[in-house]
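# Notes for the structure review
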Amino acid sequence: MAAPQGHPAPGRCAYFVERKKRFCRMIPAPGRRFCGEHGQQEEGNDRKRIPCPLDPKHTVYEDQLQKHLKKCNSREKPKPVYFVQDINAGLKDVAEIPEKQVPISSLSKEELENLIIKLKKASNGLELHLKEQILSHQALQEALNDPKNGESAFKHLKQQASILGNMEKLHLLGPGRCFVEFGAGRGKLSHWVDVALQNVENVQFLLVERATTRFKVDGKHKRRDSVFERLQVDIQHLCLNKVPILEKKKLPVVGIGKHLCGAATDLALTCLVESYTACCDRENEEPAPKRSRTDKTEVASNNSADNESNKDNCTPVAGIVIALCCHHKCDWTHYVGREFFKSVGLGPVEFNYFQRMSSWATCGMRETSTKASTSEETEDPTNDTEEHEQTLSNTENVSDTLQRILTVEERKEIGCLCKRLIDHGRIEYLQQRGYKAALQYYTESAVSLENVLLTAVPKPSLIPEPTT
């Protein structure tokens, strides 16, 4: 039962936090009325508290600063072995990065119309009507039929079931794989993959998440022959080839993700397709022995045979299955489809506008006074909304001028067109690197407005054999 208004809860700090209109919930030391943060309120306490230089959101006693800095949770921690600075970052040439642009709402009617003309011209001939491939998987049937799960949990389960169904269709649920979940959060997707593989041996899971996460489901993994490991690192700096388990076992990797926001998708694709695969190729290369000039033909023949053998031994990426999200958070610097944009006469300036206009597909068409909602509700009891829902609700407001130029439906159509154009650049990127890639609707829009799934598998000649 909550404490009466005007009094702190029993055993809690007696400091009233004006900004939050409630008492502090920290537990003070025995015999104290206030916690360490608000200890100056105690009578006779003249010790000075100062903001922590590592994180000014909390304070520390000035006379204990050096001791605090050694144990502060915000201190820089040693980098893990798989941390390689900017290994998956995109452009290094800042000259190609556009300068700050004016808001879309500040564009003139002519400027906006020219942008839309460019968008439609670039999209001409692309496959804009995606195939609907809403599948399910028996691993989630019990949970889907459990009446204890509310509407929010049910929507998540339907999405996870369809992702697993699409993975099964692509023959990615099998033994001798390492499943890398990017933007893992609580790790629910990996959990269900583990359930689906309950009778399968030699399975590894790597859960990539840059932030510390509460309410993880890691403890639900009961199989002893599947191994779960969390990698707390930004995808931008993740070198999969240096992860000890992959160095040791050389398992084919399956990259997965559920609602991987904006640029994180591009960083994950680069991590898999370029950084990890390139490292595998280099490891399988052996220096050729020196030959005399008269042995050129023999050298060429031997090198060709060696290359084929090395390709067979290399175990790179077996597949990619990522539910896309938040195109308005994409970044030209990391976007993998830059070459495609250039091929259709577009560049960083147009991309910058298109990624912002993409939000019209999900929330930009609503009145600015209406709270945006993606129907992708939270599973986490500590948050009211998921990260991508928060960012959608904070996208650029639709100006009165824009509302006069374009109807709600026209803005929605343009937003969808921007999303498909950005996604097509990703598809071309994967195709050029030897993958059979596709986009499909994997769930109904009533379940989630972000309902497009990107899948990719190596073309038949490049598919690695699973390790058993």
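Before going into details, it helps to say that this report is about the structure given with it. (Residues numbered from 1 in each chain as written. Predicted model: local features only at pLDDT ≥ 70, side-chain atom pairs only at ≥ 80, totals over all residues. Heavy atoms only, no water.)

The next subject is the overall build of the protein. If you tally the helices and strands in the protein, you get 13 helices and 12 strands. Per-residue burial for the protein yields a buried fraction of 48% across its 468 residues. Sequence-distant contacts, at least 24 apart, represent 70% of the contacts inside the protein between residues at least 6 apart. Carbon and sulfur atoms make up 48% of the accessible area of the protein, which amounts to about 25500 Å² in all. (Helix = DSSP H or I, 4+ residues; strand = E, 2+ residues; numbered from the N terminus. Buried < 20%, exposed > 50% of the residue type's maximum accessible area, 1.4 Å probe, protein only. Contact = heavy atoms within 4.5 Å. Areas by Shrake-Rupley, 256 points an atom, 1.4 Å probe, with all protein chains shown as cover.)

Membership of the largest hydrophobic core comes to 40 residues, with the highest contact counts inside it found for Phe 182, Leu 238, Leu 240, Ile 320 and Leu 430. The element contributing the most residues to this core is helix α7 (residues 263–284), with 8 residues. If we skip the residues at most four places from it in the chain, Phe 182 touches Val 208, Ile 235, Leu 238, Gly 255, Ile 256, Gly 257, Leu 260, Ala 268, Cys 271 and Leu 272. (Core = buried A, V, L, I, M, F, W, Y, C linked by side-chain atoms within 4.5 Å.)

Right, let's talk about the pattern of salt bridges for a bit. All told, the structure shown has 12 salt bridges when counted by the stated rule. Close ionic contact of Asp 266 with Arg 426 constitutes a salt bridge, the shortest N to O distance being 3.0 Å. One end of the pair, Asp 266, is in helix α7; the other, Arg 426, is in helix α13 (residues 408–432), with 160 residues separating them in the sequence. For the pair Asp 266 and Arg 426, a shared accessibility class is recorded, and that class is buried. For Asp 423, the salt bridge is made with Arg 426, and the minimal N-O distance between the two is 3.2 Å. Note that Asp 423 and Arg 426 are positioned in helix α13 at a spacing of 3 residues, about one turn of the helix. Like Arg 426, Asp 423 is buried. Through salt bridges with shared partners, a single network forms among Asp 266, Arg 420, Asp 423 and Arg 426. (Salt bridge = Lys/Arg side-chain N within 4 Å of Asp/Glu carboxyl O.)

The buried fraction of helix α10 (residues 348–357) is high, at 8 of 10 residues. Looking at α10, one finds that the buried residues are Pro 348, Glu 350, Phe 351, Tyr 353, Phe 354, Gln 355, Arg 356 and Met 357. Where the residues of α10 are buried, they touch α2 (109–123), α9 (338–343) and α13.

Sheet architecture is open: 8 strands sit in the order β5-β11-β12-β10-β9-β6-β7-β8, paired in mixed fashion. One side of each edge strand has no neighbouring strand; the edge strands of this open sheet are β5 (131–132) and β8 (226–231). When strand β6 (residues 177–182) meets strand β7 (residues 203–208), the two strands line up parallel, connected through 6 bridges. Counted as the bridge partner of Glu 181 is Leu 207 from β7. Along the sheet, helix α4 (residues 151–169) contacts β6, β9 (253–261), β10 (317–325), β11 (435–441) and β12 (452–458); its crossing angle with β9, the most-contacted strand, is approximately 150°. Helix α5 (residues 188–196) rests against β6, β7, β8 and β9 of the sheet, and its axis sits at about 140° to β9. (Pairing = 2+ DSSP bridges. Axes fitted to C-alpha atoms, helices over the stretch in contact; angles between N-to-C directions.)

Relative to each other, α2 and α10 sit at 90°, their axes nearing to 11 Å. Looking at the two axes, α2 sits roughly perpendicular to α10. Where α2 abuts α10, its residues Leu 115, Ile 116, Lys 118 and Leu 119 lie against Glu 350, Tyr 353, Phe 354 and Met 357. In the contact of α2 with α10, the residues fall into 6 nonpolar, no polar and 2 charged. (Parallel < 35°, antiparallel > 145°, perpendicular 65-115°, else oblique. Nonpolar A, V, L, I, M, F, W, Y, C, P; charged D, E, K, R; others polar.)

In this model, α2 (15 residues) spans 21 Å end to end at C-alpha, consistent with the 21 Å of a helix rising 1.5 Å per residue. Regarding α2, the residues found buried are Leu 112, Leu 115, Ile 116, Leu 119, Ala 122 and Ser 123. One side of α2 carries all its buried residues, which in axial view fall inside an arc of 130°. Exposed residues lying more than 90 degrees from the buried face of α2 are Ile 117 and Lys 121. Positive phi shows up at Gly 125, right after α2, with a value of about 95°. (Expected span 1.5 Å × (residues − 1). Arc of directions from axis to C-beta.)

Okay, the pairing of β7 next. A regular strand carries its side chains on alternate faces of the sheet. When you tally the buried positions in β7, you get 6 out of 6 residues, the bulk of the element. Of the two faces of β7, the one lined by Val 203, Phe 205 and Leu 207 and the one lined by Gln 204, Leu 206 and Val 208 are each fully buried. Across 6 bridges, β7 lies against β8 in parallel orientation. Considered in β8, the bridge of Leu 206 is made with Glu 229.

Under the counting rule described, the total for this entry stands at 10 aromatic pairs. When the centroid spacing of 5.5 Å and the interplanar angle of 25° are considered together, the rings of Phe 179 and Phe 205 count as stacked. One end of the pair, Phe 179, is in strand β6; the other, Phe 205, is in strand β7, with 26 residues separating them in the sequence. No difference in accessibility class separates Phe 179 from Phe 205, as the two residues are buried. A network of ring pairs unites the aromatic residues Trp 332, Tyr 335, Phe 340, Phe 341 and Phe 351 as a single cluster. (Phe/Tyr/Trp six-rings, centres within 6.5 Å; stacked < 30°, edge-to-face > 60°.)

To continue, consider the layout of surface pockets. The volume enclosed by the second largest pocket comes to roughly 800 Å³. Lining of the second largest pocket is provided by 33 residues; of these, Cys 35, Gly 36, Glu 37, His 38 and Arg 49 occupy positions nearest its centre. When residues of the lining of the second largest pocket are traced back to their parent elements, those giving at least two are β4 (59–61) and α1 (65–71). Its residues assigned to classes, the lining of the second largest pocket comprises 12 nonpolar, 8 polar and 13 charged. (1 Å grid on protein atoms, 1.4 Å probe; cavity = no way out; pocket = protein on both sides within 12 Å on 5 of 7 lines; lining within 4 Å. Points joined across faces, edges and corners; volume = space filled by probe spheres on them.)

Let us look at the side chain of Lys 419. Following the sequence through the fold, Lys 419 ends up in helix α13. Residue class for Lys 419 comes out buried when judged on its relative accessible area of 6%. Non-local contacts of Lys 419, meaning those with residues more than four positions away in its chain, are made with His 327, Ser 358, Ala 361, Thr 362 and Glu 450.

Let us now look at the state of the cysteines. With the rule as written, the count across this model stands at 0 disulfides. The structure places no disulfide on Cys 35, whose sulfur is separated from the nearest cysteine sulfur, that of Cys 13, by 3.8 Å. The class of Cys 35 is buried, set by a relative accessible area of 4%. (Disulfide = S-S within 2.5 Å.)

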